[in-house]
Amino acid sequence: MGYEELMTAAVKERVAAECERWLRAGLSTERCDRPAAEAAVAARYRAHGLPAPETVVWMDSPLGGALASWVLRRGFEDRLDGTLFTNAAVGPPIQLVPEFAEQAERRLREQLPSGGGGHARRRLAGPFGDARVDAQTALVKALGAPLRDFLGLTWESGESGAYELNEEMENVLRHSMKPNKVLSSLGSMGYRNMIANLRGPIPTHIVQPEVIMDVITPPPPPSREEIYLWEEFGGGMHSWSSSAGDLIHWRYMLSAAGLPASPALDAEQDALNRADGWWPLEDAVVLTERPVVLRYKGPAPDAIDPTNVLIRYADGYQVERA
């Protein structure tokens, strides 16, 4: 059977519409609908069999969100005395202007319950990557293997089948790649800027993984800086990351194969569209507002000139190339 035939015109139209929705969310400077965003996050937790987080913190930028995640993961709420983000001896490894650090600490302190010490929140692995792995398992079982998982799993061995469907989905996404080109460019710039602000001595035990050679096109391994940022500040998700594209891929692969929709994948996509970024923890979540200014120029609507970008957030954090 040619599984590429399952990628009907209706499925292609839904994929294109979802990519446009992703682009609109990623380029939006409108204030987040906070109740709707929090409801989407709660739905995502419940879809994974977890209770909704008890503590919800809103910060004004990804940089502020990373700092809030650092505090909550370690249970350092009782150390928010106005100096935690400026005292290198007790705070996170950051290089920030004092005004921003003090403002971020005050913003976080205002949202946390007063009295009593905090407790460390475990970072949720993945985060929640098992939903996409479950989607792959269902497709392999229904259609056969090999089926490639874009999130880093190796090729399945066994009888052929779903590979054609996977290839066709790649082709469909390539024709709707405007969000990927624009948002991934913004995401790369923002990520490099974050590393510059949240850097510190990288411990010697952090080494770059070797390239996996048992897949046809192995993804590049994360750098030591990426691993360090993950270990120190947790795995945040952002509408500019590749996660949204991966989610679109797997949700509509299930649809094309005639399999039931995944509440976990649907909720994950909804949460990414409703907040600029977020850090899921075991019983807490950090959400961030969208930028107040987002300007870029490029040779075409689906491209960015990396030397002419301005992203500014309400707390003063900005990424600028001009």
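Below, the structure is looked at part by part. (Residues numbered from 1 in each chain as written. Predicted model: local features only at pLDDT ≥ 70, side-chain atom pairs only at ≥ 80, totals over all residues. Heavy atoms only, no water.)

Brief notes about the overall build of the chain
In plain terms, the rule: Segments assigned H or I by DSSP are reported as helices when at least four residues long, segments assigned E as strands when at least two residues long, and all are numbered from the N terminus. Burial classes: relative accessible area under 20% of the type maximum marks a residue as buried, over 50% as exposed, and values in between as partly exposed (1.4 Å probe, protein chains only). Should any heavy atoms of two residues lie within 4.5 Å, those residues are considered in contact. Here the accessible surface of atoms and residues is derived via Shrake-Rupley with a 1.4 Å probe, and residues count as covered only by protein chains that are part of the display.
Along the chain, the regular secondary structure elements total 10 helices and 7 strands. For the chain, buried positions account for 49% of its 322 residues. Taking contacts inside the chain between residues at least 6 apart in sequence as the whole, the part at least 24 apart equals 70%. Within the structure as shown, the chain displays about 15,100 Å² of accessible surface, and the carbon and sulfur contribution to it stands at 52%.

What about the nonpolar core?
In summary, soluble globular proteins display a tendency toward joint burial of nonpolar side chains. We count it as follows: Remark: nonpolar core denotes a set of buried residues (Ala, Val, Leu, Ile, Met, Phe, Trp, Tyr, Cys) joined through side-chain atoms within 4.5 Å.
Core analysis: the biggest nonpolar cluster contains 78 residues, and V15, L67, L186, L198 and W278 have the highest contact counts within it. With 8 residues, helix α9 (residues 243-256) is the single largest residue contributor to this core. Sequence-distant contacts of L198, that is, excluding residues within four places in its chain, are made with L63, A66, L67, P93, I94, Y228, L229 and F233.

Considering the sheet that holds strand β2 (residues 237-238)
Paired through backbone hydrogen bonds, the strands of a sheet run either parallel or antiparallel to each other. Filter applied, for reference: For two strands to pair, DSSP has to find at least two bridges joining them.
If you trace the 4 strands from one edge of the open sheet to the other, you get β1-β4-β3-β2, paired in mixed fashion. Each edge of the open sheet carries a strand with a single partner, namely β1 (55-59) and β2. One ladder, built from 5 bridges, connects β1 with strand β4 (residues 284-288); its direction is parallel. Note that in β4 the partner of M59 across the bridge is T288.

Observations concerning the packing of helix α3 (residues 62-74) against helix α8 (residues 224-233)
To keep it simple, the criterion reads: To obtain each axis, a line is fitted to C-alpha atoms, and for helices this fit is confined to the stretch in contact; angles are then taken between N-to-C directions over 0 to 180 degrees. In what follows, roughly perpendicular refers to angles from 65 to 115 degrees, roughly parallel to angles under 35, roughly antiparallel to angles over 145, and oblique to any angle outside these ranges.
Where α3 meets α8, the closest approach of the two axes is 8 Å, and the angle between their N-to-C directions is 55°. Classed by the angle they form, the pair α3 and α8 counts as oblique. Touching A66, L67, S69, W70, R73 and R74 of α3 are W230, E231, E232 and F233, all from α8.

Quick word on the packing of aromatic side chains
Quick reminder of the rule: Paired rings are identified among Phe, Tyr and Trp, the last through its six-membered ring, by centres lying within 6.5 Å, and are further divided according to the angle between planes into stacked (under 30 degrees), edge-to-face (over 60) and tilted (the rest).
Tallied over the entire structure, the rule returns 3 aromatic pairs. Here Y313 and Y317 contribute two aromatic rings whose centre-to-centre distance is 5.9 Å and whose plane-to-plane angle is 25°, an arrangement assigned as stacked. Neither residue differs from the other here; Y313 and Y317 are each classed as buried. The rings of F100, Y313 and Y317 are connected pair by pair, giving a single aromatic cluster.

Re the pattern of salt bridges
So the rule is basically this: Any Lys or Arg side-chain nitrogen found within 4 Å of a carboxyl oxygen on Asp or Glu counts as a salt bridge.
Inspection of every chain in the model, using the stated rule, returns 13 salt bridges. With a shortest N-O distance of 3.0 Å, E268 and R44 are connected by a salt bridge. Linking E268 in helix α10 (residues 263-274) with R44 in helix α2 (residues 34-47), this pair joins segments that are 224 residues apart in sequence. For the pair E268 and R44, one class covers both residues: buried. Across the pair E77 and R121 runs a salt bridge whose closest N-O atoms are separated by 2.2 Å. Within this pair, whereas E77 is found in the loop between α3 and α4 (98-111), its partner R121 is found in the loop between α4 and α5 (130-143), the two being separated by 44 residues in sequence. Given the relative accessible area of 7%, R121 is considered buried. Each of E18, R21, R251, D266, D270 and R274 takes part in salt bridges that share partners, so that together they form one network.

With respect to the pairing of strand β3 (residues 277-280)
Taken residue by residue, a regular strand's side chains alternate between the two faces of the sheet. What you see with β3 is no split at all: G277 and W279 on one side and W278 and P280 on the other are buried throughout. In the sheet, β2 pairs with β3 via 2 bridges, with the strands oriented antiparallel. Residue pairing for β3: M237 is matched across the bridge by W278. The pairing of β3 with β4 spans 4 bridges and is classified as antiparallel.

Some details on the packing of helix α1 (residues 9-26) against α10
The cut-off we apply is this: Polarity classes work like this: nonpolar for Ala, Val, Leu, Ile, Met, Phe, Trp, Tyr, Cys and Pro, charged for Asp, Glu, Lys and Arg, and polar for all others, with Gly in that last group.
For the pair α1 and α10, the least separation of the axes is 8 Å and the interaxial angle reads 35°. Residues E18, R21, W22 and A25 of α1 touch α10, and the partners they reach there are Q269, D270 and N273. When its residues are assigned to classes, the contact of α1 with α10 shows 2 nonpolar, 2 polar and 3 charged.

Some words on α8
Residues of α8 that are buried: I227, Y228, L229, E232 and F233. G234 lies just past α8 and shows a positive phi near 85°.

Points about the side chain of D315
Inclusion rule: Think of a polar contact as two N or O atoms within 3.5 Å of one another; within protein, one of them needs to be a possible hydrogen donor and the other a possible acceptor, and neighboring residues in sequence only count if both atoms come from side chains.
As for its placement among the helices and strands, D315 is situated in the loop between β6 (309-312) and β7 (318-321). In this structure the side chain of D315 is engaged in a polar contact, spanning 2.7 Å, whose partner is the side chain of S61. Residues within four places of D315 in sequence aside, it is in contact with D60, S61, F100 and Q103.

A closer look at the pairing of β6
Pairing geometry for strand β5 (residues 293-296) and β6, over 4 bridges, is antiparallel. In the sheet register, L294 faces β6, and the bridge partner there is I311. Of the pairings in the sheet, the one linking β6 to β7 comprises 4 bridges and is antiparallel in character. Considered in β7, the bridge of L310 is made with E320.

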